[in-house]
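Coordinates in review
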Amino acid sequence: MTRQEFLNELSDIMQLDEVLIGDEVLEDFSEWDSMANLGVLSMFDMEFSVHLTTDDLKNIKTVAGLMTLAGDNISI
Amino acid sequence: MQSKLILVTGISSGIGFQVAYDLLKEGYSVLGVSRNSSKKVEDLQLNYPENFYFESLDLTENIDALPKWVMAQSKEKGCFSGFVHSAGIQQVLPLQFNSHKNMLDIFNLNVFSGLALARGITDKRVMNKQGGSIVVISSIASKIGESGLVNYSASKAALNGAMRTMAKELATRNIRVNSVLPGFVMTEMVEKWEDVYDETYIDKINSQYPLGIGEPQDVSNIVCFLLGEKSRWITGSEFDVNGGANLGV
């Protein structure tokens with residue numbers, strides 16, 4: 001998955017009108033709620049076979065941080 | 001002003017058509033969906049050119065694409081305030097002839113397409129910010145056994161279960177979800193099975209329904225109520241509409 005595809009998918013999960021650019025702080029969005037958390041966990045599971053927990057997400061502050069969790073699964 | 005656009009599936013006949021007709025009369029806008037159009041649908045297009053949109057769509061063809069389809073419709077027509085899943089098919093089939101394909105045929109339309117559309121319609125970019133209402137047309141068969149309806153009754157019971165979970169999940173956004181469980185209603189779907197629902201069967205049903213067999217209007221009345229503001233404190237509920245059939249014989 002490319003960086004842009006990741007940002008598009010995350011924007012969809014959070015149901016945002018605008019597409020994310022990557023440097024946003026997650027807690028600045030009211031859409032970053034428990035359902036969005038579950039959506040991200042499902043995305044990592046289905047797209048990358050990476051099994052995260054909600055605890056993993058608690059330490060992540062930014063969109064870029066989420067991309068770091070995906071590691072090599074995201075290409076430039 | 002809050003939009004009053006409602007998505008209604010199964011629009012070409014029966015309960016779906018009646019709901020669309022009544023909503024248009026009440027001043028709503030309706031996006032109606034069915035696989036094929038019908039004379040009734042064409043009449044709606046003529047009579048409500050500003051408020052009625054029709055899309056011919058096989059809801060079972062690409063179920064995963066339905067949420068995006070709803071979003072595209074919303075970009076064209078505005079935010080939705082409600083959704084009525086009335087599309088459905090019935091099989092009358094003894095259990096020993098059942099197959100996975102028969103099960104899937106029923107579940108794809110009756111359940112899975114509805115859940116996919118519900119996903120699309122409740123997207124924050126699609127549903128009114130103030131909230132909305134979803135009504136799924138279930139059936140008395142979800143609660144009362146009837147020979148030959150194993151797949152149909154299972155699909156309608158599945159809708160009731162999904163309805164309750166959606167109601168809980170969406171309540172924080174003021175999106176209400178309820179199901180309506182009609183009893184035997186004279187629709188084109190019933191007429192299609194005239195070999196099964198012959199005069200003897202209709203007489204039997206009539207004797208079991210203290211208020212007689214229903215009409216699409218009887219179901220539409222409560223659906224319209226559940227879509228409107230007067231039902232604002234009602235969510236996660238099943239509504240029996242069956243002329244007293246569950247009173248027993």
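Residues numbered from 1 in each chain as written. Chains lettered and ligands numbered in written order. Predicted model: local features only at pLDDT ≥ 70, side-chain atom pairs only at ≥ 80, totals over all residues.

Let us look at the overall build of chain A. Of regular secondary structure, chain A possesses 4 helices and 0 strands. For 76 residues, the compact-globule estimate of 2.2 N^0.38 gives 11 Å, and the C-alpha radius of gyration of chain A, at 11 Å, lies within 12% of that figure. Expressed along its principal axes, the backbone C-alpha trace of chain A runs to roughly 30 × 25 × 20 Å. Counting the 76 residues in chain A, one finds 12% classified as buried. (Helix = DSSP H or I, 4+ residues; strand = E, 2+ residues; numbered from the N terminus. Rg over C-alpha atoms; globule rule 2.2 N^0.38 Å. Buried ≥ 20, exposed ≤ 12 C-beta atoms within 10 Å, placed from the backbone.)

Helices and strands together make up the secondary structure of chain B, namely 8 helices and 7 strands. A compact globule built from 249 residues should have a C-alpha radius of gyration of about 18 Å, and chain B, at 17 Å, falls within 12% of that. Along the three orthogonal principal directions, the C-alpha set of chain B runs to about 50 × 35 × 35 Å. Residues counted as buried form 42% of the 249 residues belonging to chain B.

Right, let's get into the sheet that holds strand β5 (residues 132-137) of chain B. All names here are of chain B. With parallel pairing, 7 strands are arranged side by side in an open sheet as β3-β2-β1-β4-β5-β6-β7. Either end of the sheet is taken by a strand with one partner, and the two such strands are β3 (52-56) and β7 (238-241). Pairwise comparison of adjacent strand axes, ignoring direction, gives a mean angle of 15 degrees for this sheet. Two elements, strand β1 (residues 5-9) and strand β4 (residues 82-85), share 3 bridges in a ladder whose sense is parallel. By the bridge assignment, isoleucine 6 is partnered in β4 with glycine 82. Along the sheet, helix α1 (residues 14-25) makes contact with β1, β2 (29-34), β3, β4, β5 and β6 (175-182), crossing β1 at roughly 165 degrees. (Pairing = 2+ DSSP bridges. Axes fitted to C-alpha atoms, helices over the stretch in contact; angles between N-to-C directions. Contact = placed C-beta atoms within 7 Å.)

This part takes up the confidence of the model for chain B. With 98% of its residues at a pLDDT of 70 or more, chain B has an overall mean of 94. On the interface metric, ipTM, the complex scores 0.75, and its pTM is 0.90. (pLDDT = per-residue confidence, 0-100.)

Residues and elements named next belong to chain B. Contact geometry of helix α3 (residues 66-77) with helix α4 (residues 100-121) gives a least axis separation of 7 Å together with a crossing angle of 45 degrees. Judged by the inter-axis angle, α3 sits oblique to α4. Here α3 runs over α4; the crossing is right-handed. Packed against α3, whose contacting residues are Leu66, Pro67, Trp69, Val70 and Met71, the element α4 presents Ser113, Ala116, Leu117, Arg119, Gly120 and Ile121 at the interface. (Parallel < 35°, antiparallel > 145°, perpendicular 65-115°, else oblique. Left-handed = near helix turned anticlockwise from the far one by under 90°.)

Attention shifts here to the packing of α1 of chain B against helix α8 (residues 216-227) of chain B. Residue and element names in this part refer to chain B. With their axes 9 Å apart at the nearest point, α1 and α8 run at an angle of 55 degrees to one another. Here α8 runs oblique to α1, going by the angle between their axes. Here the hand of the crossing between α1 and α8 comes out right-handed. Contact residues: α1 offers Gly14, Ile15, Gln18, Val19, Asp22 and Leu23, while α8 offers Pro216, Gln217, Val219, Ser220, Val223 and Cys224.

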